[in-house]
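# Structural description and commentary
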Amino acid sequence: MTSTAAAPPPPRAYRRLSVEERRAQLLVAALGLFAHRAPDEVSLDEVAVAAGVSRPLVYRYFPGGRQQLYEAALGSAADELKLCFTEPPVGPPTERVARVLDRYLRFVDEHDTGFSALLRGGSVVETSRTTTIVDGVRRAAAEEILSHLGRIGGAGGRGAGPRLRMMVRSWIAAVEAASLIWLDEGKQPPAAELRGWLVDHLIALLAATAATDEESAAVVRDLLALETPDGPAGRLAELVIPVVAEAAHLLPHATAAD
């Protein structure tokens, strides 16, 4: 009698990964672990298990061990984070910044513990190289924000002066600090609320700097010409102008009139 048992499925074809593909695979596995745990708590054995490979293979690609793997993973995450700040110059500037912050906060949310460990420092794997990588992200973010404010470097570009550059870099630092506090507070308020507050913060810093810096004043004038009543700048103006009006009695001419 002929057997009717089903024939076993053909063996799955094995495809050898290229050097670049294997390295990328290991970095993805490492980033998944570093995202939710402090770097010094992640072992190479765990990276090997997450990637489905042997520990010797991890060492073959990263002979410097965890330190080299962490720096490579950090560089990969830094490239991803820089992309969060890249936004086409389309639409009102504050709306562009809002989209940038949406992507940034999504990154922070997805890499919560690793993000905190990275920015707070203190890890045993922190070195001058890792510090340089992080600082590179901050500088790249500042350049992108300056470009949305109409101040870009390069041939024919209008470079930013020291006051404006300091203001933007201060805002970037404030965004970092707010992100860490947000994680400490259980990701409250909701990300959309935090994003709106950070955009307001940028507008307020610009206005305060414009009061004593002509370049910043010119930036504000150009920016407001591109804004809309229902955009972030229009909404903030509607909320703030009545508050500011309460301070009219502090103006010199008001005192003189009395």
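Above this note sits the structure.
Definitions and cut-offs
- Residues numbered from 1 in each chain as written.
- Predicted model: local features only at pLDDT ≥ 70, side-chain atom pairs only at ≥ 80, totals over all residues.
- Heavy atoms only, no water.
- Helix = DSSP H or I, 4+ residues; strand = E, 2+ residues; numbered from the N terminus.
- Buried < 20%, exposed > 50% of the residue type's maximum accessible area, 1.4 Å probe, protein only.
- Contact = heavy atoms within 4.5 Å.
- Areas by Shrake-Rupley, 256 points an atom, 1.4 Å probe, with all protein chains shown as cover.
- Salt bridge = Lys/Arg side-chain N within 4 Å of Asp/Glu carboxyl O.
- Axes fitted to C-alpha atoms, helices over the stretch in contact; angles between N-to-C directions.
- Parallel < 35°, antiparallel > 145°, perpendicular 65-115°, else oblique.
- Nonpolar A, V, L, I, M, F, W, Y, C, P; charged D, E, K, R; others polar.
- Patch = residues over 30% accessible without salt bridge, like charges linked within 9 Å, V, L, I, M, F, W, Y side chains within 5 Å.
- Phe/Tyr/Trp six-rings, centres within 6.5 Å; stacked < 30°, edge-to-face > 60°.
- Core = buried A, V, L, I, M, F, W, Y, C linked by side-chain atoms within 4.5 Å.
- Expected span 1.5 Å × (residues − 1).

### Section: the overall build of the protein
- Helices and strands together make up the secondary structure of the protein, namely twelve helices and zero strands.
- Ordering the α and β elements of the protein from the N terminus gives α-α-α-α-α-α-α-α-α-α-α-α.
- Expressed as a percentage of the 258 residues in the protein, the buried residues total 41%.
- For the protein, contacts bridging at least 24 residues in sequence account for 67% of all contacts bridging at least 6.
- Total accessible area computed for the protein in this model is approximately 14700 Å², and 60% of it derives from carbon and sulfur atoms.

### Some points on the pattern of salt bridges
- The full count for this structure, using the stated rule, is 13 salt bridges.
- With a shortest N-O distance of 2.4 Å, aspartate 109 and lysine 187 are connected by a salt bridge. Of this pair, aspartate 109 sits in helix 5 (residues 93-110) while lysine 187 sits in the loop between helix 8 (162-184) and helix 9 (191-210); the two residues are 78 residues apart in sequence, bridging distant segments of the chain.
- The class of lysine 187 is partly exposed, set by a relative accessible area of 24%.
- Between arginine 165 and glutamate 143 there is a salt bridge whose closest N-O contact spans 2.5 Å. Of this pair, arginine 165 sits in helix 8 while glutamate 143 sits in helix 7 (residues 128-148), and the two are 22 residues apart along the sequence.

### Examining the packing of helix 4 (residues 66-84) against helix 5
- Packing of helix 4 against helix 5 leaves a shortest axis separation of 8 Å and a crossing angle of 150°. Relative to helix 5, the element helix 4 lies roughly antiparallel. Every residue of helix 5 that contacts helix 4 at Ala77, Glu80, Leu81, Leu83 and Cys84 is listed here: Val100, Arg103, Tyr104 and Phe107.
- Counted by class, the contact of helix 4 with helix 5 contains seven nonpolar, no polar and two charged residues.

### Digging into a nonpolar patch on the surface
- A contiguous nonpolar surface patch, about 250 Å² in accessible area, is contributed by Leu239, Val240 and Val244.
- The residue valine 240 is located in helix 11 (residues 232-245) in this model.
- Judged by its relative accessible area of 35%, valine 240 is partly exposed.

### Side note on the packing of aromatic side chains
- Here the structure, examined in full by the defined rule, presents two aromatic pairs.
- The interplanar angle of 80° and the centroid separation of 5.1 Å between the aromatic rings of phenylalanine 34 and tyrosine 70 together place this pair among those described as edge-to-face. Of the two residues, phenylalanine 34 sits in helix 1 (residues 19-34) while tyrosine 70 sits in helix 4, which places them 36 residues apart along the sequence.
- Residue class for tyrosine 70 comes out buried when judged on its relative accessible area of 8%.

### Overview of the nonpolar core
- Grouped together as the largest cluster of nonpolar side chains are 66 residues, with contacts concentrated most on Leu69, Phe85, Tyr104, Ile145, Trp171 and Leu206.
- Counting residues per element, this core draws most heavily on helix 8, at ten residues.
- Apart from residues lying up to four places away in sequence, isoleucine 145 is in contact with Phe85, Val97, Val168, Trp171, Ile172 and Leu202.

### Concerning helix 7
- Helix length check: helix 7 (21 residues) gives 30 Å between terminal C-alpha atoms against 30 Å at 1.5 Å per residue, within 8%.
- Listed in full, the buried residues belonging to helix 7 are Thr130, Val134, Val137, Ala141, Ala142, Ile145, Leu146 and His148.
- Phi turns positive one or two residues past the end of helix 7, at glycine 150, with a value near 80°.

### Observations concerning unusual backbone geometry
- For the peptide bond that leads from glutamine 188 to proline 189, omega is 0°, which places it in the cis range.
- Secondary-structure assignment places proline 189 in the loop between helix 8 and helix 9.
- Its identity as a non-glycine residue notwithstanding, lysine 187 has a phi of 60°, on the positive side.

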